[in-house]
Number of protein chains: 2
Amino acid sequence: MGDTRDIGEPTLEEQIAAYQREFQDLDPQVEKVVSALSRLNRRMNVAYGRQTAALGISNAEWEVLKALVLSGAPYRMGPSDLAKRLGLTPAAMTHRIDRMVAEGLVTRERDESNRVRVIVELTVEGREKWLEAMRLASVFEEDLLQDLSAEERTTLGEVLTRLLRRVEHAQPDAGGRLSDLD
Amino acid sequence: MGDTRDIGEPTLEEQIAAYQREFQDLDPQVEKVVSALSRLNRRMNVAYGRQTAALGISNAEWEVLKALVLSGAPYRMGPSDLAKRLGLTPAAMTHRIDRMVAEGLVTRERDESNRVRVIVELTVEGREKWLEAMRLASVFEEDLLQDLSAEERTTLGEVLTRLLRRVEHAQPDAGGRLSDLD
DNA sequence: TCTGAAGACTTCAAAGCTAAAGTTCGAAGC
DNA sequence: GCTTCGAACTTTAGCTTTGAAGTCTTCAGA
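Rules of the game
- Residues numbered from 1 in each chain as written.
- Chains lettered and ligands numbered in written order.
- Predicted model: local features only at pLDDT ≥ 70, side-chain atom pairs only at ≥ 80, totals over all residues.
- Heavy atoms only, no water.
- Buried < 20%, exposed > 50% of the residue type's maximum accessible area, 1.4 Å probe, protein only.
- Helix = DSSP H or I, 4+ residues; strand = E, 2+ residues; numbered from the N terminus.
- Arc of directions from axis to C-beta.
- Contact = heavy atoms within 4.5 Å.
- Pairing = 2+ DSSP bridges.
- Axes fitted to C-alpha atoms, helices over the stretch in contact; angles between N-to-C directions.
- Salt bridge = Lys/Arg side-chain N within 4 Å of Asp/Glu carboxyl O.
- Polar contact = N/O pair within 3.5 Å; in protein donor to acceptor, adjacent residues only side chain to side chain.
- Nonpolar A, V, L, I, M, F, W, Y, C, P; charged D, E, K, R; others polar.
- Parallel < 35°, antiparallel > 145°, perpendicular 65-115°, else oblique.
- Near = heavy atom within 4 Å.
- Phe/Tyr/Trp six-rings, centres within 6.5 Å; stacked < 30°, edge-to-face > 60°.
- Least-squares fit on C-alpha atoms with pLDDT ≥ 70 in both.

S.K.: What is the right way to look at helix α1 (residues 12-22) of chain A in this model?
M.R.: Helical geometry note: an α-helix holds 3.6 residues per turn, so side chains three or four residues apart project in the same direction. Within the span of α1(A), buried status applies to Leu12(A), Gln15(A), Ile16(A), Ala18(A), Tyr19(A) and Glu22(A). Buried residues of α1(A), viewed axially, fall in a sector of 155°; they line one side. Contact partners of the buried residues in α1(A): α2 (28-54) of chain A together with α3 (59-70), α4 (79-86), α6 (124-144) and α7 (150-168) of chain B.

S.K.: Just checking my understanding: could you explain the sheet that holds strand β3 (residues 118-122) of chain B for this structure?
M.R.: Hydrogen bonds between backbone groups are what pair the strands of a sheet, and the pairing can be parallel or antiparallel. All names here are of chain B. With respect to topology, three strands assemble into an open sheet ordered β1-β3-β2, the strand pairing being antiparallel. Since the sheet does not close on itself, it has two edges, and those belong to β1 (76-77) and β2 (106-110), each with one partner. Across two bridges, the pairing between β1 and β3 is antiparallel. For Arg76, the partnering residue across the bridge sits in β3 and is Glu121. Across the sheet, helix α5 (residues 90-102) touches β2 and β3, and the angle it forms with β2 is around 120°.

S.K.: In this structure, what is going on with the interface of chain A and chain B? I would like to understand it.
M.R.: One frequent convention defines the size of an interface as the accessible area lost when the parts assemble. Contacts between chain A and chain B engage 86 residues on the former and 86 residues on the latter. Counting across the interface, chain A meets chain B through ten salt bridges. Here chain A and chain B share 13 residue pairs in polar contact (both at pLDDT 80 or more) between them. Looking at the side of chain A that touches chain B, the elements with two or more residues in it are α1, α2, α3 (59-70), α4 (79-86), α6 (124-144), α7 (150-168) and β4 (170-172) of chain A. Tallying contributions element by element places α2(A) first for the side of chain A that touches chain B, with 18 residues. Its residues assigned to classes, the side of chain A that touches chain B comprises 40 nonpolar, 18 polar and 28 charged.

S.K.: Help me understand the packing of α4(B) against α5(B), please; the structure alone is not making it clear to me.
M.R.: Any two packed helices are characterised by how steeply their axes cross, that is the angle between the axes, and by the distance between the axes. Residues and elements named next belong to chain B. Look at α4 against α5: their axes get within 9 Å of each other, and the N-to-C directions meet at 110°. One finds that α4 runs roughly perpendicular with respect to α5. Along the contact surface, α4 presents Pro79, Leu82, Ala83 and Leu86, while α5 presents Pro90, Met93, Arg96 and Ile97. The residue makeup of the contact of α4 with α5, split by class, is seven nonpolar, no polar and one charged.

S.K.: Just to check I follow, could you spell out the protein's contact with DNA strand C for this structure?
M.R.: Every one of the 20 residues lining DNA strand C counts as a neighbour, but Thr89(A), Arg96(A), Ser80(B), Thr94(B) and Val116(B) are closest to it. The protein-proximal atoms of DNA strand C, defined as those within 4 Å of the protein, are 77% sugar or phosphate. With respect to DNA strand C, the side chain of Arg108(B) contributes an N or O atom lying 3.1 Å from a phosphate oxygen. Class assignment for the residues of the surface near DNA strand C results in eight nonpolar, six polar and six charged.

S.K.: Hey, could you run me through the packing of aromatic side chains in this one?
M.R.: Enumeration over the complete set of coordinates arrives at eight aromatic pairs over all chains. Arranged with centres 6.1 Å apart and planes meeting at 85°, the rings of Phe23(A) and Trp130(B) form a pair that is edge-to-face. Here Phe23(A) is found in the loop between α1 and α2, whereas its partner Trp130(B) is found in helix α6 on a different chain. Judged by its relative accessible area of 3%, Phe23(A) falls in the buried class. Its relative accessible area of 0% is what places Trp130(B) among the buried residues. With 5.6 Å between their ring centres and 80° between their planes, Tyr48(A) and Phe140(A) make a pair best called edge-to-face. One end of the pair, Tyr48(A), is in helix α2; the other, Phe140(A), is in helix α6, with 92 residues separating them in the sequence.

S.K.: I'm lost on the relation of the copies chain A and chain B in this one. Help?
M.R.: The two chain copies are related to each other by a rotation about an axis together with a translation along it. At an RMSD of 0.1 Å, chain A and chain B line up after a rotation of 180° and a shift of 0.0 Å along the axis. As the rotation angle and translation indicate, the two copies are arranged about a two-fold axis. Looking at the interface residues of chain A, 100% of them are also at the interface in chain B, so both copies use one shared face.

S.K.: How should I be thinking about the protein's contact with DNA strand D in this particular structure?
M.R.: Taken together, 23 residues form the shell around DNA strand D, and within it Pro79(A), Ser80(A), Thr94(A), Arg96(B) and Arg99(B) come nearest. Expressed as a percentage, the sugar and phosphate content of the atoms of DNA strand D within 4 Å of the protein is 81%. Note that a phosphate oxygen of DNA strand D is positioned 3.2 Å from one of the side-chain N or O atoms of Arg108(A). In this structure, a phosphate oxygen belonging to DNA strand D sits 2.8 Å away from a side-chain N or O atom of Arg99(B). For the surface near DNA strand D, the secondary structure elements donating two or more residues are α4 and α5 (90-102) of chain A together with α5 of chain B.

Keep in mind these numbers describe shape, not what the thing actually does.
See below:
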């Protein structure tokens, strides 16, 4: 799942130079931020994949566990809520839950008060898997940010949040331009 | 491909509060950076997906075009180099190239000097598609960073690059800890 | 020249996803 | 009470990716 197949990439600097060469009207500063962001995220996902694989679960399953845990006790959600939360189609959710039920990470039962609904509930085992994964992840994340001072961390968090708000409250139109919604 | 199915997410603040509640030994500052990073990246990919879809290509095809263009003239690469570059298996690359040949974005031919090798070459049409996609992407990216001062952009780029170096030159071990390689 | 090994790509079967078409249940109107 | 509509989930068909097996070519050594 998260193996070392991403070799042979140019360095970030080489890549930006190549962009400059092939597409002149590009702000290298902007491109540096965007490229570093996407590359960093890819590497982090590979790392998370390695960690969850070591626990015998996939990244996909980890995401389901995360959604259930973060929903709070009693750790129950419907399949379509989970699907929306994870950005999957309901059909994909059905299959994913199938697998996780078989592995004992969650249970699935009909809601007795409304028999159309289904309730997916985290098992004790599932919750423990999540905790183990979180322990690994938090060590990794702490290590990742190790070289940043407390002030740098705060600033970084604040800047990223501002960018996030900008994409969240706006939709790029056909031309790519972000138009504010509020 | 990149539609608006990611509704129903808690806000970043709610999510961090939930983490605190369910997993006490977690530095909220670290978690904020990591969560914002991953969320921002997800939103950006949705935006890119919308843009490439408007041009009639998929994000997957866009990545192939990008690799070829950035390799520089004459825009040629072998399937396995492309596969390594994109983090795919050679098998997936074969199929992806099939589709792109059918769409006229690239050509595939045997290398005459070594008939085991195959050369994938960008067509003029493929190069133009990439340029169109880049024009859209650069507008979006410029808009995204609009609220950041020149100084903030520089700092952000520099900090992200430092983080990137930290993941690139180190591999998380079983326990998640980053061990330097150099 | 022949043989064996390694490399580069393709083919095949199976996993996981999406979109669209069911299926089942609940609620609202007649 | 019956019908119709809508909601929530599942099923089905088709696509993309993976891992493993297969094919073809090159190269080194006998």
